[in-house]
Amino acid sequence: MRPSCAVSVCHVLMLVLCLSAAEDFDWTKDEHGSFYYGTFPAGFSWGAGGSAYQTEGAWDKDGKGLSIWDVFSHKKGKIQQNETGDSSCEGYYKVKDDVSLMKELMLNHYIFSISWPRIIPTGIKSDHINERGIQYYDQLINQLLENKITPIVTLYHWDLPQFLQEKYGGWQNISMVNHFNEFANLCFERFGNRVKHWITFSNPWSVAVEGYETGEHAPGLRLRGTGAYRAAHHIIKAHAKVWHTYDTQWRGKQRGLVGISLSGDWGEPVDISNQRDIEASERYVQFSLGWFATPIFHGDYPQVMKDFVGRKSAQQGLGTSRLPSFSPQEKSYIKGTCDFLGIGHFTTRYITHKNNPSGRSSSSFFTDRDVAELVDPRWPDPGSEWLYSVPWGFRRLLNFVKTQYGNPTIYVTENGVSEKMLCTELCDDWRIQYFKDYINEMLKAIKDGVNVKGYTAWSLLDKFEWDEGYSERFGLYYVDFRNKNKPRYPKASVQFYKQVISSNGFPNQREVENWRRKAVETCSSSNQLLAAEEQRSTAANILRLIHDPLTSHMEMVTEIVVPTVCTLSILLCAIFLMFLLRRRN
Ligand SMILES: *[C@@H]1O[C@H](CO)[C@@H](O)[C@H](O)[C@H]1NC(C)=O
Ligand SMILES: *[C@@H]1O[C@H](CO)[C@@H](O)[C@H](O)[C@H]1NC(C)=O
């Protein structure tokens, strides 16, 4: 009698647990299914994106102030090959050209960011407003709207005005909250009649961790164990303040939406039957996405962050946690400040538990988590070292967001893959594969009930990739950075993505395979043309380096002599032919 009784009590308990946890994320579900043919809901928005410092160039033109990235990239040894974003894609001068590329792709929306120092050179609104900077964004917004492309505008994509960094210590200082709010308010005032989708911050995790903890990004500070938490704390408050500003001052007239864009890898337990691995995976995701999303949706940091950082701080003999805390008023002010959630996602890791020693000297954001990251060597990694293609992780992440934050409206704001190529390559078959599989997993997530309203391929153009310089290319369009005109060339993935957009998904296997075959066929001839063009410009550059006077000679050879010789040969051939024909007669 006894054992069976215990068993049935267990059953009842389990049932109760299951019912109460109906909206919990199921870590043990194995969701690696086959390709799903089908279409997206009507009105699904397809887009591409980029950001100001990565694409605009014109770093010191028309009254723009310096940003922390201008200063950081000009320091030697910070960026691959000591490259800078000084001219980058020259997007500042190519609004019409670039919008026509978007039109060619049939995009519904485009994500770009506003450079804060371009419109407020010192970052402090009462100092000076740069009208020429405002004109540039006016022109871009109008051009998009004329072409029926919805602008989705990011207010902060990492380029803080340098003056604010020097005077206040940037995001380490609470005063950023008000300065950022003033800047955002100016953007709502000037652009809000036309812009209805605002993103306060793009990937604040990177701003906090790489800017203020590891120092790999601008401003390059290494405040281990404290810098990232402090920066994030101020960023979250700044986000909330800007949302409230919009809500109280502009929403009535402008009827737009304000969200934030969070980037995060998926963390999959190494062993889904091991509770410690599951807990470690959850910590991994909470220390990235949850760090920002939990305060914004639930009013406070994830419990597991408070527990872990708090315990480690105590072990280090600190009186208070290195993770700052919100007051009750702040919690209710921050909670619910999100009209939509932007998700940036690129890759996945396997996660397991790892104990880190908690000495004071070793304290850091990374050791606070007590996790180890692993990758499967079979995962393809065509480009950036960190970017393994693991499509099913995307569906898992989207489902996690749905269960954790009450099924919010989601826009995928960044998803894509880079390539690391020394030679020119427009035939990016692996990027087609990546987009095909990741977009398909997003479609499955929508079938699971996740509320995804739009998707943004990252990125429209090859561009400056922060500390990686120009060594990694994420673009649908290839940019020839060695040519001072920065010409753009479509990669094969342009043709493929365009087909996905015009069919609003994947109609059937035969058609999808056809798109792919055609895209790769047409790229090979443009590839050869571009390679020849690049060889010519490289040859000219080498000559220019060796001996300057030769340059003009070289240009004369290619620009005057070659066409002249060609024309003359054609003429001679024609005369010779006529002569032959006459003789026959
Ligand atoms: C970058 O600058 C540093 C410091 O001047 C120098 O040592 C290094 O060789 C430079 N790298 C390249 C690729 O020019
Ligand atoms: C913030 O800026 C103010 C004004 O410059 C300064 O007095 C204060 O020390 C700064 N705080 C931090 C943490 O840097």
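This is a predicted model, so every value here is computed, not measured.

**As for the overall build of the protein**
Summing up its helical and strand segments, the protein has 19 helices and 15 strands in all. Buried residues in the protein amount to 55% of all 585 residues. A separation threshold of at least 6 residues defines the contact pool for the protein, and within that pool the share at least 24 residues apart is 77%. Total accessible area on the protein is roughly 25,600 Å²; 56% of this is exposed by carbon and sulfur atoms.

**Focus on the site of ligand 2**
As a matter of local geometry, ligand 2 sits amid Lys 167, Tyr 168, Asn 173 and Arg 230. For ligand 2, whose unbound accessible area comes to 360 Å², protein coverage reaches 39%. Its residues placed into classes, the shell around ligand 2 shows one nonpolar, one polar and two charged.

**Looking at the confidence of the model for the protein**
With 87% of its residues at a pLDDT of 70 or more, the protein has an overall mean of 90. For the stretch residues 1–22, pLDDT sits under 50, and the model shows zero contacts to residues farther than four places along the chain or on other chains. Below a pLDDT of 50 lies the segment residues 542–562, which in the model reaches 11 contacts outside its immediate sequence neighbourhood of four places, other chains included.

**Quick notes on the sheet that holds strand E8 (residues 341–344)**
On the basis of which strands lie adjacent, the closed barrel formed by eight strands has the order E2-E3-E4-E5-E6-E8-E11-E12 and parallel pairing. Strand-to-strand twist in this sheet, taken as the mean axis angle between neighbours without regard to direction, amounts to 25 degrees. As paired elements, strand E4 (residues 150–156) and strand E5 (residues 197–202) share four bridges and run parallel to each other. Following the sheet pairing, Val 153 is matched in E5 by Trp 198.

**Brief notes about the UniProt feature "active site" (unreviewed entry) in the protein**
In the UniProt entry, the feature "active site" (unreviewed entry) is given for Glu 414. Among the secondary structure elements, Glu 414 is positioned in strand E11 (residues 410–415). Contacts of Glu 414, omitting those with residues within four sequence positions, involve His 157, Ser 202, Ser 263, Ile 343, Gly 344, His 345, Phe 346, Thr 456 and Trp 458. Separated by 3.5 Å, the side chains of Glu 414 and Ser 202 make a polar contact.

**Quick look at unusual backbone geometry**
The omega torsion across Ala 218 and Pro 219 is 5 degrees, close enough to zero to call that bond cis. Assignment of secondary structure puts Pro 219 in the loop between helix H9 (204–212) and helix H10 (227–254). Within the chain, Ala 58 stands out as a residue other than glycine whose phi angle is a positive 45 degrees. Following the sequence through the fold, Ala 58 ends up in the loop between helix H2 (52–55) and helix H3 (68–74). Residue classification places Ala 58 among the buried residues on the basis of a relative accessible area of 2%.

**With respect to the pattern of salt bridges**
Inspection of the entire model under this criterion finds 32 salt bridges. A salt bridge links Glu 268 to Arg 396; the shortest N-O distance between them is 3.1 Å. Placement of Glu 268 in strand E7 (residues 266–269) and of Arg 396 in helix H15 (residues 391–404) is noted, with a sequence separation of 128 residues between them. For Arg 396, a relative accessible area of 0% puts it in the buried group. Where Arg 473 meets Asp 462, a salt bridge forms, and the shortest distance between an N and an O atom there is 2.6 Å. Of the two residues, Arg 473 is situated in the loop between strand E12 (452–458) and strand E13 (477–479) and Asp 462 in the loop between E12 and E13; the sequence distance between them amounts to 11 residues. In terms of burial, Arg 473 and Asp 462 fall into one category: buried. A single salt-bridge network, built from bridges that share partners, covers Glu 419, Asp 428, Arg 431, Asp 462, Arg 473 and Lys 491.

Calculation notes
- Residues numbered from 1 in each chain as written.
- Chains lettered and ligands numbered in written order.
- Predicted model: local features only at pLDDT ≥ 70, side-chain atom pairs only at ≥ 80, totals over all residues.
- Heavy atoms only, no water.
- Helix = DSSP H or I, 4+ residues; strand = E, 2+ residues; numbered from the N terminus.
- Buried < 20%, exposed > 50% of the residue type's maximum accessible area, 1.4 Å probe, protein only.
- Contact = heavy atoms within 4.5 Å.
- Areas by Shrake-Rupley, 256 points an atom, 1.4 Å probe, with all protein chains shown as cover.
- Near = heavy atom within 4 Å.
- Nonpolar A, V, L, I, M, F, W, Y, C, P; charged D, E, K, R; others polar.
- pLDDT = per-residue confidence, 0-100.
- Pairing = 2+ DSSP bridges.
- Axes fitted to C-alpha atoms, helices over the stretch in contact; angles between N-to-C directions.
- UniProt positions renumbered as here; feature names shortened; annotations may be inferred.
- Polar contact = N/O pair within 3.5 Å; in protein donor to acceptor, adjacent residues only side chain to side chain.
- Salt bridge = Lys/Arg side-chain N within 4 Å of Asp/Glu carboxyl O.

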